[in-house]
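Examination of the molecular architecture
Here is what each chain is made of, one letter per residue.
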Amino acid sequence: MDDREDFLGSFDPNIPEEGPSAPPPGWLDDVHGYQGHKGGEGDNPLYPPPPAYNPQPEQDRNTSVPNVRVPTVSEDVAREALLKYVESKWKYSSKPARNLTFKELRPITVYRYRLETYTETRTSSWQHEPYNGQPVDGPQFGMSPPPWDIPVSLPERFCERVEKVRVPHSSFVKMCHTCHGCGRTRCNSCFGRGQKRCTFCHGCRHSRKRRCSSCHSRGYRKCIHCQGHGFKTCTVCHGSQNLLHFILLTVTWKNNVENFIPDRQPDFPDEKFDKVRGDPFFVDENVLVYPIQGFPDEEICAVSRTLINQHLNKFSSTSRILQQRQTIELVPLTHAYYTYSGKDYSFFVYGTENKVFAAKYPTACTIL
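Residues numbered from 1 in each chain as written. Predicted model: local features only at pLDDT ≥ 70, side-chain atom pairs only at ≥ 80, totals over all residues. Heavy atoms only, no water.

By the naming in an unreviewed UniProt entry, the chain is Protein SSUH2 homolog isoform X2, taken from Xyrichtys novacula.

1. With respect to the overall build of the chain
Along the chain, the regular secondary structure elements total three helices and 18 strands. For the chain, the C-alpha radius of gyration of 35 Å lies well beyond 21 Å, the compact-globule estimate for 368 residues. Its C-alpha atoms give the chain principal-axis dimensions of about 100 × 70 × 30 Å. In the chain, which comprises 368 residues, the share counted as buried stands at 42%. Restricting to contacts in the chain with at least 6 residues of sequence separation, those with at least 24 account for 82%. Total accessible area on the chain is roughly 20,800 Å²; 48% of this is exposed by carbon and sulfur atoms. (Helix = DSSP H or I, 4+ residues; strand = E, 2+ residues; numbered from the N terminus. Rg over C-alpha atoms; globule rule 2.2 N^0.38 Å. Buried < 20%, exposed > 50% of the residue type's maximum accessible area, 1.4 Å probe, protein only. Contact = heavy atoms within 4.5 Å. Areas by Shrake-Rupley, 256 points an atom, 1.4 Å probe, with all protein chains shown as cover.)

2. A few points about helix α1 (residues 75–87)
With 13 residues, α1 should reach 18 Å at 1.5 Å per residue; the first-to-last C-alpha distance of 18 Å fits that figure. Among the residues making up α1, those that are buried are Ala-78, Ala-81, Leu-82, Tyr-85 and Val-86. Buried residues along α1 cover an arc of 135 degrees about the axis, so they all sit on one side. Summarising the geometry of α1, the exposed residues directed more than 90 degrees from the buried face are Asp-76, Glu-80, Lys-84 and Glu-87. Residues of α1 that are buried in the fold lie against α2 (95–99), β2 (101–107), β17 (343–350) and β18 (355–357). (Expected span 1.5 Å × (residues − 1). Arc of directions from axis to C-beta.)

3. Brief notes about the state of the cysteines
Tallied over the full model, the rule gives zero disulfides. Not engaged in a disulfide, the cysteine Cys-226 finds its nearest cysteine sulfur in Cys-190; these two sulfurs lie 3.7 Å apart. On the accessibility criterion, Cys-226 (4% relative accessible area) is buried. (Disulfide = S-S within 2.5 Å.)

4. With respect to the nonpolar core
Among the nonpolar cores identified, the biggest contains 19 residues, and Leu-82, Tyr-338 and Phe-347 are the most heavily contacted of them. Secondary structure elements with two or more residues in this core: α1, β16 (333–340) and β17. At five residues, the largest contribution of residues to this core is made by α1. Not counting the four nearest positions on each side in its chain, Phe-347 is found in contact with Ala-78, Leu-82, Phe-102, Thr-334, His-335, Ala-336, Tyr-338, Val-356, Phe-357 and Ala-358. Membership of the second largest hydrophobic core comes to 18 residues, among which are Trp-27, Tyr-34, Tyr-47 and Ile-150. (Core = buried A, V, L, I, M, F, W, Y, C linked by side-chain atoms within 4.5 Å.)

5. Quick notes on the pattern of salt bridges
All told, the structure shown has 13 salt bridges when counted by the stated rule. Glu-104 serves as the salt-bridge partner of Arg-106, at 3.2 Å between the closest nitrogen and oxygen. As a salt-bridge pair, Arg-161 and Glu-163 come within 2.8 Å of each other at their nearest N and O atoms. Owing to a relative accessible area of 31%, Arg-161 belongs among the partly exposed residues under this scheme. Its relative accessible area of 22% is what places Glu-163 among the partly exposed residues. Among the charged side chains, a network of salt bridges with common partners joins Arg-112, Arg-114 and Glu-329. (Salt bridge = Lys/Arg side-chain N within 4 Å of Asp/Glu carboxyl O.)

Put into structure tokens, the structure is as follows:
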């Protein structure tokens with residue numbers, strides 16, 4: 001061995017190398033009702049609700065929808081909407097919008113169907129924290145209740161939220177798997193020696209025939225990662241040597257929403273409807289909703305049947321369905337035809353906000 005190696009010292013064999021941050025498979029005990037954890041804390045098994053927790057649909061039941069009147073837009077409203085649109089386009093002149101002549105304002109019937117299914121999902125995972133003498137709610141106090149028997153406070157309907165609850169009687173204390181109960185681990189930077197070879201003189205003590213000023217001619221420097229100790233406090237147990245393990249139940253309330261608008265206007269991009277509101281003239285809310293029948297737009301009826309069946313099959317197998325809501329909105333859409341300087345143009349006014357979409361505009365002049 002080079003005598004310069006002596007300067008680096010030796011490591012303490014009683015201080016272990018840093019182990020995995022997660023417990024290895026088989027390290028944690030089985031808890032009745034939570035056997036879905038195959039390995040350590042990386043598993044998050046999902047627990048479908050018991051059959052009695054989900055409502056069952058009635059056969060051959062449908063929902064009727066009242067008649068609705070298609071809204072119209074006046075010339076003043078259309079002109080004002082176009083002027084507001086032009087103001088947001090720096091290269092457009094407002095003169096055409098002020099002086100145009102309307103030829104026709106054609107209202108278009110646009111229905112938007114929306115289905116919302118409000119669900120509750122429960123998953124769990126093993127978690128741990130340093131054990132410093134805090135109370136341990138272990139199996140000696142009883143059997144852990146099944147995932148769906150743990151009470152939680154319900155949020156307001158259709159509001160999304162996540163709540164985490166420690167499963168009763170699932171806790172136990174075990175030696176830290178990372179430091180093997182030592183409370184500290186060997187420094188990986190200096191391999192437990194507390195000092196590292198000088199990077200300036202490479203351990204030669206001098207550089208360019210001069211004493212190395214970086215290490216003061218020692219050939220080594222104190223390891224900055226462990227402050228020269230050769231070890232660091234365990235990052236998992238924080239030096240407590242033991243960990244309190246427990247199962248954490250995660251309850252997720254989510255509003256699963258799907259929208260549908262029939263694509264019948266080739267000159268108007270349907271994605272524009274995503275950013276505007278409509279008039280919700282029909283709202284049906286219940287634990288389970290049923291397909292719409294007798295509505296003038298048969299495509300809306302068909303989509304209602306399809307989406308309701310899809311949501312029931314998709315969510316009842318993994319989650320608890322708490323509430324459903326189906327809505328039909330009448331989204332205002334008017335095709336405005338006008339002339340300016342002897343040429344024909346058109347634009348669309350859409351949404352209750354009277355937004356404007358214009359594929360072409362009479363001028364690109366910057367002078368107002």
